[in-house]
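Commentary on secondary and tertiary structure
What follows is each chain in one-letter form.
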Amino acid sequence: MTYVTEEEQIEQLKGWFKEYGPTVIISIIIVIAFTFGWRYWNNHQEMTRAQASEAYEDMVISMMNNQERFAVLKANYVIKQYPATPYAKLAAFYLAQQAVYQHDLNGADLHLKWIMQHSASSSVRQIARIRAARILLAQGKFDEALKLLQTPEEKAFIPATDAVRGDIFLAMGNKAMAKKSYETALLASKKVDGNMLILQMKVADLARATTNTLA
């Protein structure tokens, strides 16, 4: 558009600002607020992770120095202060382990359930699920343990899951299902390591037991 005079240009600019100015200003304010908010959130997250890492490191050093009491206190601190971080889940695994050492299976189960409920990692949840199933197995809660292992979240954990399922069936006296579970675990594993060799031994033992029963 061609303006005849400078006054007309100024009037046109005033009209444009009157119509669109408030919207533009609000948009700019929103963008600035979002940018600063995002930076603050990132900085806060980085600081939280750093603090959680330091606290977890103190816990590990206490473990290495056989200072279990201080390590347990530090683990509880990490979980309470930094529950959203991966360090809190690692601390909960440690507390579950210590509870088992103290023959507190209910306490161990609570720590593992907390991990299953709060971890964003499917792998971490599956590890906690397998360990919780072993706790239930030790308590004689076979049906609960089998139910917990019904649907593995990660295919990589199918061998370990089926191995525990085999242990549960064996404890129930169901040798046929135990053998089937162990064989499924072996088939699911592409690499034969120490754990798989143990499974092979269990399958062989059950096969011999079945043969002896039929003889």
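The structure under discussion appears in the preceding block.
All of the points below concern the structure found in this document. Because the structure is a prediction, the values reported are computed rather than measured. (Residues numbered from 1 in each chain as written. Predicted model: local features only at pLDDT ≥ 70, side-chain atom pairs only at ≥ 80, totals over all residues. Heavy atoms only, no water.)

**Topic: the overall build of the protein**
When helices and strands are counted, the protein shows nine helices and zero strands. N-terminal to C-terminal, the α/β element order of the protein is α-α-α-α-α-α-α-α-α. Across the 215 residues of the protein, 31% fall into the buried class. Long-range pairs, those at least 24 residues apart, make up 44% of the contacts in the protein with a sequence separation of at least 6. Looking at the protein as shown, the accessible area adds up to about 14600 Å², and 59% of this sits on carbon and sulfur atoms. (Helix = DSSP H or I, 4+ residues; strand = E, 2+ residues; numbered from the N terminus. Buried < 20%, exposed > 50% of the residue type's maximum accessible area, 1.4 Å probe, protein only. Contact = heavy atoms within 4.5 Å. Areas by Shrake-Rupley, 256 points an atom, 1.4 Å probe, with all protein chains shown as cover.)

**Topic: the environment of glutamate 153**
Within the secondary structure, glutamate 153 sits in the loop between helix H6 (142-148) and helix H7 (158-172). Setting aside its immediate chain neighbours within four residues, glutamate 153 contacts Ser122, Arg125, Gln126 and Arg129.

**A short note on unusual backbone geometry**
Of note in the backbone geometry, asparagine 66 takes a positive phi value of approximately 60° without being a glycine. Relative to the helices and strands, asparagine 66 is located in the loop between helix H1 (6-64) and helix H2 (68-81). Positive phi, normally seen in glycine, also occurs at histidine 103, with a value near 60°. Its place among the elements puts histidine 103 in the loop between helix H3 (86-101) and helix H4 (105-118).

**What to know about the layout of surface pockets**
Its volume calculated, the second largest pocket comes out at about 200 Å³. As for the second largest pocket, its lining consists of Phe93, Ala96, Gln97, Val100, Leu112, Arg131, Arg134 and Ile135. Every element with two or more residues in the lining of the second largest pocket is listed here: H3 and helix H5 (122-138). Take the lining of the second largest pocket: its biggest share by element is four residues, from H3. (1 Å grid on protein atoms, 1.4 Å probe; cavity = no way out; pocket = protein on both sides within 12 Å on 5 of 7 lines; lining within 4 Å. Points joined across faces, edges and corners; volume = space filled by probe spheres on them.)

**A look at the pattern of salt bridges**
Enumeration over the complete set of coordinates arrives at five salt bridges. Between aspartate 167 and arginine 134 there is a salt bridge; the shortest N-O distance is 3.2 Å. Within this pair, whereas aspartate 167 is found in helix H7, its partner arginine 134 is found in helix H5, the two being separated by 33 residues in sequence. Under the relative-accessibility criterion, aspartate 167 is labelled buried at 14%. The shortest N-O distance in the salt bridge between lysine 179 and glutamate 183 comes to 2.6 Å. (Salt bridge = Lys/Arg side-chain N within 4 Å of Asp/Glu carboxyl O.)

**Points about the packing of H5 against H7**
Taken N-terminus to C-terminus, the directions of H5 and H7 make an angle of 10°; their axes are 10 Å apart at the nearest point. Classified by the interaxial angle, the pair formed by H5 and H7 is roughly parallel. Contacts between H5 and H7 involve Gln126, Ile130, Ala133, Arg134 and Leu137 from the former and Ala160, Thr161, Val164, Asp167, Ile168 and Ala171 from the latter. Counted by class, the contact of H5 with H7 contains seven nonpolar, two polar and two charged residues. (Axes fitted to C-alpha atoms, helices over the stretch in contact; angles between N-to-C directions. Parallel < 35°, antiparallel > 145°, perpendicular 65-115°, else oblique. Nonpolar A, V, L, I, M, F, W, Y, C, P; charged D, E, K, R; others polar.)

**Structural notes on the packing of aromatic side chains**
Tallied over the entire structure, the rule returns two aromatic pairs. Here tyrosine 56 and tyrosine 87 contribute two aromatic rings whose centre-to-centre distance is 5.7 Å and whose plane-to-plane angle is 45°, an arrangement assigned as tilted. One end of the pair, tyrosine 56, is in helix H1; the other, tyrosine 87, is in helix H3, with 31 residues separating them in the sequence. For tyrosine 56, a relative accessible area of 19% translates into the label buried. Tyrosine 87 gets classed as partly exposed once you look at its relative accessible area, which sits at 25%. Taking 6.1 Å as the distance between ring centres and 80° as the angle between the ring planes, the aromatic pair formed by tyrosine 77 and tyrosine 82 counts as edge-to-face. For tyrosine 82, a relative accessible area of 10% gives the class buried. (Phe/Tyr/Trp six-rings, centres within 6.5 Å; stacked < 30°, edge-to-face > 60°.)

Purely geometric stuff here, so don't read any function into it on its own.
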